[in-house]
Amino acid sequence: LAGFCVMTLFTAAAAASFGLLLATACRSRAQLSALSTIVILIMSALGGSMVPRFVMPEWVQRVGYFTFNPWAIDGYQQVFWFDEPVHELWPSLLVLAGVSAAFMLAARLLSRRWERA
């Protein structure tokens with residue numbers, strides 16, 4: 001249960017910060033809808049959310065690690081499939097925390113265009 005809670009917290013933070021980044025990058029809801037659909041579908045396909053990564057070519061598996069999807073999937077597999085303790089989840093948690101911070105920083109920088117002087 002502890003591993004599930006920790007993985008869920010870090011994965012939710014990464015997903016929420018990515019959503020904020022997309023929202024601050026777009027100027028309208030229509031633009032956000034189109035961009036988010038395309039980007040999320042590509043990330044899901046490369047990251048192993050649609051098809052297991054082990055059936056993908058090696059180069060696609062390597063490219064997939066530039067998204068946060070495989071890190072979350074690997075962490076959940078460690079928890080549920082391999083029954084790993086929480087302290088063994090640190091690589092996935094570290095990456096998810098890093099992308100969360102990077103996405104939040106980028107969203108904050110993009111949101112400055114709406115601030116009044």
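This write-up is about the structure you can find in this document. (Residues numbered from 1 in each chain as written. Predicted model: local features only at pLDDT ≥ 70, side-chain atom pairs only at ≥ 80, totals over all residues. Heavy atoms only, no water.)

**Quick look at helix 5 (residues 90-111)**
Relative to the 32 Å expected for 22 residues at 1.5 Å per residue, helix 5 spans 31 Å between its end C-alpha atoms, a close match to the ideal helical length. All of the buried residues in helix 5 are S92, L93, L96, S100, F103, A107 and S111. For helix 5, the arc enclosing every buried residue in end-on projection is 100°, short of the 170-degree limit, so these residues lie on one face. Residues of helix 5 that are exposed and point over 90 degrees away from its buried face: W90, L94 and L105. Those residues of helix 5 that are buried are in contact with helix 1 (2-25) and helix 4 (69-80). (Helix = DSSP H or I, 4+ residues; strand = E, 2+ residues; numbered from the N terminus. Expected span 1.5 Å × (residues − 1). Buried < 20%, exposed > 50% of the residue type's maximum accessible area, 1.4 Å probe, protein only. Arc of directions from axis to C-beta. Contact = heavy atoms within 4.5 Å.)

**Looking at the layout of surface pockets**
In this structure, the largest pocket spans a volume of roughly 160 Å³. Lining the largest pocket are G47, G48, P52, R53, F54, Q61, Y65, I73, D74 and Q77. Here the element with the most residues in the lining of the largest pocket is helix 4; it accounts for three residues. Grouping the constituent residues of the lining of the largest pocket by class yields four nonpolar, four polar and two charged. (1 Å grid on protein atoms, 1.4 Å probe; cavity = no way out; pocket = protein on both sides within 12 Å on 5 of 7 lines; lining within 4 Å. Points joined across faces, edges and corners; volume = space filled by probe spheres on them. Nonpolar A, V, L, I, M, F, W, Y, C, P; charged D, E, K, R; others polar.)

**What about a nonpolar patch on the surface?**
The grouping of L41, M50, V51, F54 and V55 at the surface amounts to a nonpolar patch, some 520 Å² of accessible area in total. Its location among the elements puts M50 in the loop between helix 2 (29-47) and helix 3 (58-64). For M50, a relative accessible area of 47% translates into the label partly exposed. (Patch = residues over 30% accessible without salt bridge, like charges linked within 9 Å, V, L, I, M, F, W, Y side chains within 5 Å. Areas by Shrake-Rupley, 256 points an atom, 1.4 Å probe, with all protein chains shown as cover. Salt bridge = Lys/Arg side-chain N within 4 Å of Asp/Glu carboxyl O.)

**Description of the packing of helix 1 against helix 5**
Taken N-terminus to C-terminus, the directions of helix 1 and helix 5 make an angle of 25°; their axes are 8 Å apart at the nearest point. Classified by the angle their axes make, helix 1 and helix 5 are roughly parallel. The hand of the helix 1/helix 5 crossing is left-handed. Contacts between helix 1 and helix 5 involve V6, M7, F10, T11, A13, A14, S17, F18, L20, L21, T24 and A25 on the former and, on the latter, L93, L96, A97, V99, S100, F103, M104, A106, A107, L110 and S111. Within the contact of helix 1 with helix 5, the residues separate by chemical class into 18 nonpolar, five polar and no charged. (Axes fitted to C-alpha atoms, helices over the stretch in contact; angles between N-to-C directions. Parallel < 35°, antiparallel > 145°, perpendicular 65-115°, else oblique. Left-handed = near helix turned anticlockwise from the far one by under 90°.)

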